[in-house]
Amino acid sequence: GENVEQHPSTLSVQEGDSAVIKCTYSDSASNYFPWYKQELGKRPQLIIDIRSNVGEKKDQRIAVTLNKTAKHFSLHITETQPEDSAVYFCAALRYGQNFVFGPGTRLSVLP
Amino acid sequence: ETGVTQSPTHLIKTRGQQVTLRCSSQSGHNTVSWYQQALGQGPQFIFQYYREEENGRGNFPPRFSGLQFPNYSSELNVNALELDDSALYLCASSRTSGNNEQFFGPGTRLTVL
């Protein structure tokens, strides 16, 4: 079955700097890759997603890149702000199967 | 458009008891998935319901069971509770099964003593 790894487990950046979180997956048939942000005590919220027929997707300060050959995808946050501090989860899905989540990255944006 | 809701928000049970958690899907969504999120970990897939039928199951024992109703709301039942069942239980709804966006509810925090 699918296995998703995520690095780093914790990440601290200065406000205004960029943050990059990387995930790798094992099932080459996976074709949908969402990213979720979870603030303390709150529900995971979908922030961006990418499908396997696209290499990059951007939404304001957030972007996701996908390398199908290497089976990894990354979340890029530019111009980080204190409100970006949260735990970020990546996930992978193969059509007809279930979502498999990574273990999460705790991002701290320092003022 | 109404978002995903769950009840109750918190629950305390003792070992061996049974619990029922409830989820109302977002309007227009016919698929509900349940996840267990232990502290400091990512959500783990329990099972999915699509049009009132189980449509996939993760690596959870049979004492975890579920239902989906005609209005697409869903229940998660856990029998013979164990200490390790203490976790945040999340449901997520999507427009249909397959590789579609999932939207999470706020979760039910279950503590087993």
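Further up the page is the structure itself.
Quantities reported herein were computed from a predicted structural model and do not represent experimental measurements. (Residues numbered from 1 in each chain as written. Chains lettered and ligands numbered in written order. Predicted model: local features only at pLDDT ≥ 70, side-chain atom pairs only at ≥ 80, totals over all residues. Heavy atoms only, no water.)

### Looking at the interface of chain A and chain B
This is how it is decided: Contacts were defined at the residue level, with two residues in contact if any of their heavy atoms lie within 4.5 Å. Here the buried area means the combined drop in accessible surface, using a 1.4 Å probe, for two parts upon being joined, counting both sides. A pair is scored as a salt bridge if a Lys or Arg side-chain nitrogen falls within 4 Å of a carboxyl oxygen belonging to Asp or Glu. In the analysis that follows, any N or O atom pair within 3.5 Å is treated as a polar contact, provided that within protein one partner can donate a hydrogen and the other can accept it, and provided that, for residues neighboring in sequence, both atoms belong to side chains. What counts as a helix is a DSSP run of H or I of at least four residues, what counts as a strand is a run of E of at least two, and both are numbered from the N terminus. Residues are grouped as follows: Ala, Val, Leu, Ile, Met, Phe, Trp, Tyr, Cys and Pro are nonpolar; Asp, Glu, Lys and Arg are charged; all remaining types, including Gly, are polar.
In this complex, chain A contributes 17 residues to the contact, which on the side of chain B involves 18 residues. Of the roughly 1500 Å² buried between chain A and chain B, counting both surfaces, carbon and sulfur atoms make up 55%. The three residues of chain A that bury the most area against chain B are Arg43(A), Phe99(A) and Phe101(A), which together make up 33% of that side's buried surface. One can count zero salt bridges joining chain A with chain B. At the junction of chain A with chain B, the criterion picks out four residue pairs in polar contact (both at pLDDT 80 or more). Elements with a contribution of two residues or more to the side of chain A that touches chain B: strand S4 (32-38) and strand S5 (45-51) of chain A. When grouped by side-chain class, the residues that make up the side of chain A that touches chain B number 10 nonpolar, four polar and three charged.

### A few points about the layout of surface pockets
In plain terms, the rule: Grid points spaced at 1 Å over the protein atoms alone were grouped into cavities, where a 1.4 Å probe fits but cannot get out, and pockets, open sets with protein on both sides within 12 Å along at least five of seven lines, with lining residues defined by an atom within 4 Å of a point. Grid points are joined across faces, edges and corners, and a volume is the space filled by probe spheres set on the points.
Estimates place the volume of the largest pocket at around 570 Å³. For the largest pocket, the lining is made up of 26 residues, of which Gln38(A), Leu40(A), Gly41(A), Gln37(B) and Arg109(B) are closest to its centre. Sorting the residues of the lining of the largest pocket by element identifies strand S9 (86-92) and strand S11 (105-110) of chain A as the ones contributing at least two each. If one sorts the elements of the lining of the largest pocket by residue count, S9(A) sits on top with three residues. Its residues assigned to classes, the lining of the largest pocket shows nine nonpolar, 12 polar and five charged.

### So, the state of the cysteines
We count it as follows: Throughout, disulfides are identified as pairs of cysteine sulfur atoms within 2.5 Å of each other. Classification of residues uses two cut-offs on accessible area relative to the type maximum, computed with a 1.4 Å probe and protein chains only: under 20% is buried, over 50% is exposed, and between them is partly exposed.
Summed over all chains, the structure comprises two disulfides over all chains. The disulfide partner of Cys23(A) is Cys90(A), and the gap between their sulfur atoms is 1.9 Å. In this structure the cystine formed by Cys23(A) and Cys90(A) twists about its S-S bond by roughly -100°; its chirality is therefore left-handed. Here Cys90(A) lies in strand S9 and Cys23(A) lies in strand S3 (residues 19-25), a separation of 67 residues in the sequence. Residue Cys23(A) shares its accessibility class with Cys90(A), and that shared class is buried. One disulfide bridge connects Cys23(B) with Cys91(B), the sulfur atoms lying 1.9 Å from each other. An S-S torsion of about 75° defines the bridge between Cys23(B) and Cys91(B) as right-handed. In this pair, Cys23(B) sits in strand S3 (residues 19-24) while Cys91(B) sits in strand S9 (residues 87-94), placing the two residues 68 residues apart along the sequence. Exposure remark for Cys23(B): the relative accessible area of 1% places this residue in the buried category.

### Points about the packing of aromatic side chains
The following threshold applies: Put simply, two rings from Phe, Tyr or Trp (the six-membered ring, in Trp's case) pair if the centres are within 6.5 Å, and we call them stacked under 30 degrees between planes, edge-to-face over 60, tilted for the rest.
One pass over the structure, following the stated rule, counts 14 aromatic pairs over all chains. Ring geometry for Tyr36(A) against Phe104(B): centres 5.1 Å apart, planes inclined by 85°, an arrangement best described as edge-to-face. Of this pair, Tyr36(A) sits in strand S4 while Phe104(B) sits in strand S10 (residues 103-104), on two different chains. Assessed through its relative accessible area of 0%, Tyr36(A) is described here as buried. The exposure class of Phe104(B) is buried, given its relative accessible area of 3%.

Note that all results are geometric; they support no functional claim without further evidence.
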